[in-house]
Amino acid sequence: MSFHYKKITVKVGSNVLTKSDGTLNVARIAHLVDQIAWLHKKGVEVILVSSGAVAAGRSELKLQKKLDTVSSRQLCSAVGQVKLINRYADFFREHGIVCAQVLTTKDNFVDRDHYLNMKNCITTLLENKVVPIVNENDTISVSELMFTDNDELSGLMASMQNSEALIILSNVEGIYNGDPSLPTSEIIEEIGSKEKDWMKNVSMQKSGFGRGGMLTKSSIARKVAKEGIAVHIASGLKDNVLTDILKTDKYVKHTLFKAEDRKSSNVKKWIAYSDSFAKGELVINQGAREALYSEMATSLLLIGVKQVKGTFEKGDIVKIVDEQNNLVGWGKAQFDSDKAETEVGTKYKKPIVHYDYLYLVED
């Protein structure tokens, strides 16, 4: 049996793992584990990013009083995470496989050292044939530090671990060329990294039990594919969808975001997901923008910076925008904001952001 990939990150959403009444769909979890266990025994490394804790907790609780959104989420997650991971552990144990719970917050990815510690943890689990089950630690997250949803977390995990593919299992078969509720709409089966026409058809609607929607999924998919990782969006409600996608002799109707040939460095991959970690902002002129997007590897010099906003230290991530406030990218500051403000617009030799620590969005 030959496979498309030997190392994957799988994200399964709340709408796949939860019934319409909000309770866990135990049969669906068991079937997902069966598929991962089969792949695991065939030598495929799998990192599972699983939603469902909040929904699992919600179905267990009868709230005594009305809670705010964050408190409700913390309570439901604390109760539900136990139930969810126990289900996974029991089902994996039937296959003779050990799984591990890895809970994280966005804060763990702000600092490069914390990021590398997380990377090492996942790598060690995989090396010891343990299946990592990753979820956001909603019990200590607050709204401004939350991931958009687990789609964002799964993209970060796939990128961090240099997965060959990210497979997002949703309650729909992929991205449609029109309103998914209309019979005339069809699945877009392949999307190239430079293609943009399909974006106007992406639904703005959020999913029933999750925090994200197809807009989030497609945004993450584009970013991950740009880093050289293929992204598959498919229906997790279809039997054997995961194993069938990986088999080279099988066809599954779904959406594939084709991976770009170029590979980003590990540092650039970290910076690619640092948009919400940025401590300050650099406004650059048109000349600097053109230089950054030229074919030559170019660092950002202070002569191209028009304005420095916010307070940041050396090593912090800064957001880079042009004079029309269009996002250009993010980078790791070579010195603090006070120094940058003093030298802004000058021919100061040291770049404020070196090319090796610069991530540009598509022009």
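Residues numbered from 1 in each chain as written. Predicted model: local features only at pLDDT ≥ 70, side-chain atom pairs only at ≥ 80, totals over all residues. Heavy atoms only, no water.

**Thoughts on the overall build of the protein chain**
From N to C terminus, the protein chain includes 12 helices and 13 strands. Taking 2.2 N^0.38 as the reference for a compact globule, 363 residues should give roughly 21 Å; the C-alpha atoms of the protein chain span a radius of gyration of 21 Å, in line with that estimate. Along the three orthogonal principal directions, the C-alpha set of the protein chain runs to about 65 × 50 × 45 Å. Relative to its full complement of 363 residues, the protein chain shows a buried share of 52%. Taking as baseline every contact in the protein chain between residues at least 6 positions apart, the subset at least 24 positions apart corresponds to 74%. Carbon together with sulfur atoms contributes 48% to the accessible area of the protein chain, which is approximately 16800 Å² in total. Where the 48 positive side-chain charges of the protein chain centre and where its 46 negative ones centre are 2 Å apart. (Helix = DSSP H or I, 4+ residues; strand = E, 2+ residues; numbered from the N terminus. Rg over C-alpha atoms; globule rule 2.2 N^0.38 Å. Buried < 20%, exposed > 50% of the residue type's maximum accessible area, 1.4 Å probe, protein only. Contact = heavy atoms within 4.5 Å. Areas by Shrake-Rupley, 256 points an atom, 1.4 Å probe, with all protein chains shown as cover. Lys, Arg positive; Asp, Glu negative; His and termini not counted. Charge placed at Lys NZ, Arg CZ, Asp CG, Glu CD.)

**So, the sheet that holds strand E4 (residues 131-136)**
Pairing within the open sheet is mixed, and its eight strands lie in the order E3-E4-E2-E1-E5-E7-E8-E6. Of all strands in the sheet, those with a lone pairing partner are strand E3 (99-104) and strand E6 (190-191), marking the two edges. Pairing geometry for E6 and strand E8 (residues 255-257), over two bridges, is parallel. Its bridge partner lying in E8, Glu 190 is registered against Leu 256. Helix H8 (residues 214-226) rests against strand E1 (7-12), strand E5 (165-170), strand E7 (230-235) and E8 of the sheet, and its axis sits at about 155° to E7. (Pairing = 2+ DSSP bridges. Axes fitted to C-alpha atoms, helices over the stretch in contact; angles between N-to-C directions.)

**A few points about the pairing of E7**
Burial analysis of E7 places six of its six residues in the buried class, the great majority of the element. In E7, alternate side chains face the same way, and those of Ala 230, His 232 and Ala 234 on one face and Val 231, Ile 233 and Ser 235 on the other are all buried. As paired strands, E5 and E7 are joined by six bridges and run parallel to one another. By the bridge assignment, Leu 166 is partnered in E7 with Val 231. One ladder, built from three bridges, connects E7 with E8; its direction is antiparallel. Opposite Ile 233, over in E8, you have Thr 255 as the bridge partner.

**Looking at the packing of helix H3 (residues 53-60) against helix H4 (residues 69-94)**
Where H3 meets H4, the axes come as close as 6 Å, and the angle between the chain directions of the two elements is 100°. By the angle between their axes, H3 is roughly perpendicular relative to H4. Along its contact with H3, which presents Ala 53, Val 54, Ala 56, Gly 57, Arg 58, Ser 59 and Glu 60, the element H4 presents Arg 73, Cys 76, Ser 77, Val 79, Gly 80, Gln 81, Lys 83 and Leu 84. A per-class count over the contact of H3 with H4 returns six nonpolar, five polar and four charged. (Parallel < 35°, antiparallel > 145°, perpendicular 65-115°, else oblique. Nonpolar A, V, L, I, M, F, W, Y, C, P; charged D, E, K, R; others polar.)

**Looking at the environment of Tyr 273**
Along the chain, Tyr 273 falls in the loop between helix H10 (266-272) and strand E9 (280-284). Once the C-alpha coordinates of Tyr 273 and Ser 2 are considered, the two residues, 271 residues apart in sequence, prove to be 32 Å apart. Sequence-distant contacts of Tyr 273, defined by excluding residues within four places in its chain, comprise Glu 152, Gly 155, Leu 156, Ser 159, Lys 223, Val 224 and Glu 227.

**Observations regarding helix H7 (residues 150-160)**
Within an α-helix, residues lying three or four positions from one another point in the same direction, as the helix has 3.6 residues per turn. Most of H7 sits inside the fold, with 11 of its 11 residues counted as buried. Taken as a whole, H7 has its buried residues at Asn 150, Asp 151, Glu 152, Leu 153, Ser 154, Gly 155, Leu 156, Met 157, Ala 158, Ser 159 and Met 160. Directly beyond the C-terminal end of H7, a positive phi value near 55° is found at Asn 162.

**Section: the environment of Ile 36**
Here Ile 36 lies in helix H2 (residues 26-41). Classification of Ile 36 by relative accessible area gives buried; the value is 1%. Once the C-alpha coordinates of Ile 36 and Thr 243 are considered, the two residues, 207 residues apart in sequence, prove to be 7.8 Å apart.

**Remarks on the pattern of salt bridges**
Per the counting criterion, the structure on display carries nine salt bridges. The shortest N-O distance in the salt bridge between Arg 289 and Asp 322 comes to 3.0 Å. One end of the pair, Arg 289, is in helix H11 (residues 286-292); the other, Asp 322, is in strand E11 (residues 317-322), and 33 residues separate them in sequence. The exposure class of Asp 322 is buried, given its relative accessible area of 4%. Residue Glu 323 is joined to Lys 306 by a salt bridge in which the shortest nitrogen-to-oxygen separation is 3.9 Å. Residue Glu 323 is located in the loop between E11 and strand E12 (327-333), and its partner Lys 306 is located in strand E10 (residues 305-310); the two are separated by 17 residues in the primary sequence. (Salt bridge = Lys/Arg side-chain N within 4 Å of Asp/Glu carboxyl O.)

**Some details on the sheet that holds E12**
An order of E10-E9-E11-E12-E13 is seen for the five strands of this open sheet, with the pairing classed as mixed. Every other strand in the sheet has two partners, leaving E10 and strand E13 (353-360) as the edge strands with one partner each. Mean inter-strand twist for the sheet, computed between neighbouring axes without regard to direction, equals 30°. Of the pairings in the sheet, the one linking E12 to E13 comprises four bridges and is antiparallel in character. If you follow Trp 330 over to E13, its bridge partner there is Tyr 359.

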